[in-house]
Amino acid sequence: MKRYKLLKDLPFAKAGEELYLKHDEETGYFTLYKDVNKMSAGDLHEGFIENFDEWFETQELKKYYYIGSMGHIENTEYQGWESSAKLRKSIGNYFETREEAEKYLEYLKAKEVIKKDTKGFKPNWRDKDEDRFMGCWDFKRKRALFDYGDAFKTPEIYFKSREDISESFKKHPEEWKAYLTYEQ
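Caption draft 1: Helix H3 (residues 98-117), seen in detail. With 20 residues, H3 should cover 28 Å at 1.5 Å per step; its first-to-last C-alpha distance of 29 Å lies within 8% of that length. Taken as a whole, H3 has its buried residues at Ala101, Leu105, Tyr107, Ala110, Ile114 and Asp117. At the exit of H3 stands Lys119, carrying a positive phi of roughly 60°.

What follows is the structure, given as structure tokens:
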């Protein structure tokens, strides 16, 4: 199904409105929809539209991917849902390709696993003497390492001790790799 911008008035739609036009190969009829989720606005026989380009301007429906409410990768075409696409873009849940969505979902899952490994530790940034350890990725050696984070607050996951973060590295090496090497 494609979306078309109407260039001339019809009895049930005005010029400038966006319509969806679906062609039925068996009957040769086009069905016009004002809203793809509602009833059709009317049927037109294929021969009725002699100069199609004079009546309609074709608008390609752009397909995109996002992570749905159940954690699955879903895809859709705009089809009148431009506001949903705009909202998904505003929170970073809009991807041009399935691969981009898969990588982000892998990152989110890894982040959640690693957060559980902190055993509930939340840094107290007012305590200058508190130990805080965070992960980082060594691109030369292709492995996770830890660093001591005391001077700057960053959006990292912090651990209370070297032992805790080392244990997490051992238990979840793939998750650490996915988390630390995710490229936005």
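Caption draft 2: Structural view of helix H5 (residues 173-181). Among the residues making up H5, those that are buried are Trp176, Ala178, Tyr179 and Leu180. Looking at the packing, one finds that the buried side of H5 touches H3, strand E8 (133-138), strand E9 (143-148), strand E10 (158-159) and helix H4 (162-171).

Caption draft 3: Seen up close, the sheet that holds E9. The sheet built from three strands is open, its strands ordered E9-E8-E10 with antiparallel pairing. With partners counted over all chains shown, the strands left at the sheet margins are E9 and E10, one partner each. Here H4 sits on the sheet in contact with E8, E9 and E10, set at roughly 165° to E9. Along the sheet, H5 contacts E8, E9 and E10; its crossing angle with E8, the most-contacted strand, is approximately 80°.

Caption draft 4: Region of the structure containing a negative patch on the surface. Where like charges cluster on the molecular surface, the negative patch consists of Asp127, Asp129, Asp131, Asp147 and Asp150. Here Asp131 shows up in the loop between H3 and E8. For Asp131, a relative accessible area of 39% translates into the label partly exposed.

Caption draft 5: Quick peek at the side chain of Glu130. Mapped onto the secondary structure, Glu130 falls in the loop between H3 and E8. Within the local environment of Glu130, its side chain forms a polar contact with the backbone nitrogen of Asn124, the two atoms lying 2.7 Å apart. Residues within four places of Glu130 in sequence aside, it is in contact with Phe121, Lys122, Pro123, Asn124 and Tyr148.

Caption draft 6: Fine view of unusual backbone geometry. Unusually for a residue other than glycine, Lys119 sits at a positive phi of about 60°. Along the chain, Lys119 falls in the loop between H3 and E8. Residue Lys119 is classed as exposed on the basis of its relative accessible area of 55%. With a phi angle near 55°, Lys142 is a residue other than glycine that sits in the positive phi range. The exposure class of Lys142 is exposed, given its relative accessible area of 62%.

Caption draft 7: View of the pattern of salt bridges. In this structure the tally under the stated criterion is seven salt bridges. In the salt-bridge network here, residues are joined through shared partners; they are Asp117, Lys119, Asp164, Glu167 and Lys171.

Caption draft 8: Region of interest: the packing of aromatic side chains. Tallying each qualifying case throughout the model produces 13 aromatic pairs. On the basis of an interplanar angle of 40° and a centroid distance of 5.5 Å, the ring pair of Phe95 and Tyr104 is categorised as tilted. What makes Phe95 buried here is its relative accessible area of 7%. Their ring planes at 25° and their centres at 4.7 Å tell us that Tyr107 and Tyr182 sit as a pair that is stacked.

Basis of the calculations
- Residues numbered from 1 in each chain as written.
- Predicted model: local features only at pLDDT ≥ 70, side-chain atom pairs only at ≥ 80, totals over all residues.
- Heavy atoms only, no water.
- Helix = DSSP H or I, 4+ residues; strand = E, 2+ residues; numbered from the N terminus.
- Expected span 1.5 Å × (residues − 1).
- Buried < 20%, exposed > 50% of the residue type's maximum accessible area, 1.4 Å probe, protein only.
- Contact = heavy atoms within 4.5 Å.
- Pairing = 2+ DSSP bridges.
- Axes fitted to C-alpha atoms, helices over the stretch in contact; angles between N-to-C directions.
- Patch = residues over 30% accessible without salt bridge, like charges linked within 9 Å, V, L, I, M, F, W, Y side chains within 5 Å.
- Areas by Shrake-Rupley, 256 points an atom, 1.4 Å probe, with all protein chains shown as cover.
- Salt bridge = Lys/Arg side-chain N within 4 Å of Asp/Glu carboxyl O.
- Lys, Arg positive; Asp, Glu negative; His and termini not counted.
- Charge placed at Lys NZ, Arg CZ, Asp CG, Glu CD.
- Polar contact = N/O pair within 3.5 Å; in protein donor to acceptor, adjacent residues only side chain to side chain.
- Phe/Tyr/Trp six-rings, centres within 6.5 Å; stacked < 30°, edge-to-face > 60°.

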